[in-house]
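A closer look at the structure
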Amino acid sequence: MNAATVRHILDTMESMFPDAHCELNHSNAFELTVAVLLSAQCTDETVNKVTADLFRKYTSPADYLAVPLEELEQDIRRIGLYRNKAKHIQNMCRILIEQYGGDVPQEHDQLVTLPGVGRKTANVVVSNAFGVPAIAVDTHVERVSKRLGLAGWDDSVLEVEKKLMKRVPRDEWTLTHHRIIFFGRYHCKAQNPACHICPLLDICREGKKRMKTSQIRKDKERSSTPKRKIN
C-alpha cells in the first residue's frame, strides 16, 4: 500500500470521527490502567458502569489491598473473567506500592511486567496518560487494518501494530488508534458493517467482497421471483 492511500484512509477517518478519544472513564494513570485491565473481552460501556462505583470506593493501590479478594471480586462481578482480573488488580497494586511508590510507571517496559498488563494495555496507558505516541491494537484496530489492507489477513497483533507504526506518522499514532477504534466500533462493525455507505469502499477488499456477494444474492432473488402475467 502506497503512502497516498494510507493518507487517504487517515484523512477519511479524521473527517468521520474528528473527536475520537479513549472512551474508558478515568481521572488519572492508575484508574486508566485498572480500566484497561478490566476491558479485556468486555465492552467499554460495561467497564464504565462498573468503574463508576469502583473508583469512588478505591482511590489508590492501597485501597484495593485493604479488602479481601472476595470483596473486590463482587465489586467487579459484572465484568467478564472477574475473578482473574481481581487477582491481577491486587497483585498489580502490591507491586506498584513495593516497587514504584504507589505510582504507575511511565516506561512501557515496566508496565508490561505488571500482572494483567499486556502490550495493548501498556500502549493505551503510555499514550493516553503520559502522552507517548503509541498504537494499541485491539479487536477493532486489528479488524479494520486487515479489511483495509493496512495489514495482512494472517498478521499477528504485533505484526499489525508494527505495520501501522511504519505507515502512520509517529505524531499521529495515538489519534489514529482512537479513530480506527471509532471507525470499527461505529461504522465498520464485525457484523453488518456499513459497506454500502462507506467512503473507503473503493479500497476495502472486505467491503468489495461483501457488496459483490450482496448483489449476487439480490440478483438470484430477482431471477427466482415468478413474473406476473399481463392480461
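Everything in this summary refers to the structure shown in the same document.

Criteria and cut-off values
Residues numbered from 1 in each chain as written. Predicted model: local features only at pLDDT ≥ 70, side-chain atom pairs only at ≥ 80, totals over all residues. Heavy atoms only, no water. Helix = DSSP H or I, 4+ residues; strand = E, 2+ residues; numbered from the N terminus. Buried < 20%, exposed > 50% of the residue type's maximum accessible area, 1.4 Å probe, protein only. Contact = heavy atoms within 4.5 Å. Areas by Shrake-Rupley, 256 points an atom, 1.4 Å probe, with all protein chains shown as cover. Lys, Arg positive; Asp, Glu negative; His and termini not counted. Charge placed at Lys NZ, Arg CZ, Asp CG, Glu CD. Phe/Tyr/Trp six-rings, centres within 6.5 Å; stacked < 30°, edge-to-face > 60°. Salt bridge = Lys/Arg side-chain N within 4 Å of Asp/Glu carboxyl O. Core = buried A, V, L, I, M, F, W, Y, C linked by side-chain atoms within 4.5 Å. Axes fitted to C-alpha atoms, helices over the stretch in contact; angles between N-to-C directions. Parallel < 35°, antiparallel > 145°, perpendicular 65-115°, else oblique. Left-handed = near helix turned anticlockwise from the far one by under 90°. Nonpolar A, V, L, I, M, F, W, Y, C, P; charged D, E, K, R; others polar.

Below, the discussion takes up the overall build of the protein chain. Along the backbone of the protein chain there are twelve helices and zero strands. Ordering the α and β elements of the protein chain from the N terminus gives α-α-α-α-α-α-α-α-α-α-α-α. The dimensions of the protein chain, computed from C-alpha atoms along their principal axes, are 85 × 45 × 30 Å. The burial tally for the protein chain puts 43% of its 231 residues in the buried class. Looking at the protein chain alone, contacts between residues at least 24 apart form 58% of all its contacts between residues at least 6 apart. When the accessible surface of the protein chain is summed, it comes to about 12900 Å², and 50% of that surface belongs to carbon and sulfur atoms. Across the protein chain, the centroid of the 35 positively charged side chains sits 12 Å from that of the 29 negatively charged ones.

Our next topic: the environment of His-177. By the secondary structure assignment, His-177 is in helix α11 (residues 173-186). Judged by relative accessible area, His-177 falls into the buried class, the value being 5%. His-177 has contacts with Val-124, Ala-134, Ile-135, Ala-136 and Val-141, leaving out every residue within four places of it along the chain.

This part is about the packing of aromatic side chains. A full pass over the atoms with the stated rule returns four aromatic pairs. The interplanar angle of 75° and the centroid separation of 5.7 Å between the aromatic rings of Phe-30 and Tyr-64 together place this pair among those described as edge-to-face. In this pair, Phe-30 sits in helix α2 (residues 29-38) while Tyr-64 sits in helix α4 (residues 61-65), placing the two residues 34 residues apart along the sequence. Given a relative accessible area of 0%, Tyr-64 falls into the buried group. Arranged with centres 5.3 Å apart and planes meeting at 70°, the rings of Phe-182 and Tyr-186 form a pair that is edge-to-face. Here Phe-182 and its partner Tyr-186 are both found in helix α11, four residues apart, which amounts to about one turn of the helix. According to the relative accessible area criterion, Tyr-186 is partly exposed, its value standing at 44%. Connected via pairs of aromatic rings, a cluster forms that spans Phe-17, Phe-182 and Tyr-186.

Within the structure shown, the criterion is met by 13 salt bridges. Between Glu-23 and Arg-185 there is a salt bridge, and its shortest N-O distance comes to 2.3 Å. With Glu-23 in the loop between α1 (3-16) and α2 and Arg-185 in helix α11, this residue pair connects regions lying 162 residues apart in the sequence. Residue Glu-71 pairs with Lys-57 through a salt bridge whose shortest N-O separation is 2.6 Å. Of the two residues, Glu-71 sits in helix α5 (residues 69-75) while Lys-57 sits in helix α3 (residues 44-57), which places them 14 residues apart along the sequence.

A few words on the nonpolar core. For soluble globular proteins, nonpolar side chains are generally found buried alongside one another. Among the nonpolar cores identified, the biggest contains 37 residues, and Val-34, Leu-54 and Tyr-64 are the most heavily contacted of them. Secondary structure elements with two or more residues in this core: α2, α3, α6 (82-100) and α8 (119-129). Counting residues per element, this core draws most heavily on α2, which supplies eight residues. Excluding anything up to four places from it in sequence, Val-34 contacts Leu-54, Phe-55, Tyr-64, Ile-89 and Met-92. Listed in part, the 25 residues of the second largest apolar core include Ile-135, Ala-151, Phe-183 and Cys-188.

Moving on, we come to unusual backbone geometry. Of note in the backbone geometry, Leu-81 takes a positive phi value of approximately 60° without being a glycine. Inspection of the secondary structure assignment puts Leu-81 in the loop between α5 and α6. In this structure, Asn-192 is a non-glycine residue whose phi angle is positive, near 55°. Relative to the helices and strands, Asn-192 is located in the loop between α11 and α12 (205-224).

At a minimum axis separation of 10 Å, α1 and α11 run at an interaxial angle of 70°. Classed by the angle they form, the pair α1 and α11 counts as roughly perpendicular. The element α1 and its partner α11 pack so that their crossing is left-handed. Contact residues: α1 offers Leu-10, Met-13, Glu-14 and Met-16, while α11 offers Thr-176, Arg-179, Ile-180 and Phe-183. Its residues placed into classes, the contact of α1 with α11 shows five nonpolar, one polar and two charged.

The values reported here are purely geometric and, on their own, carry no functional implication.
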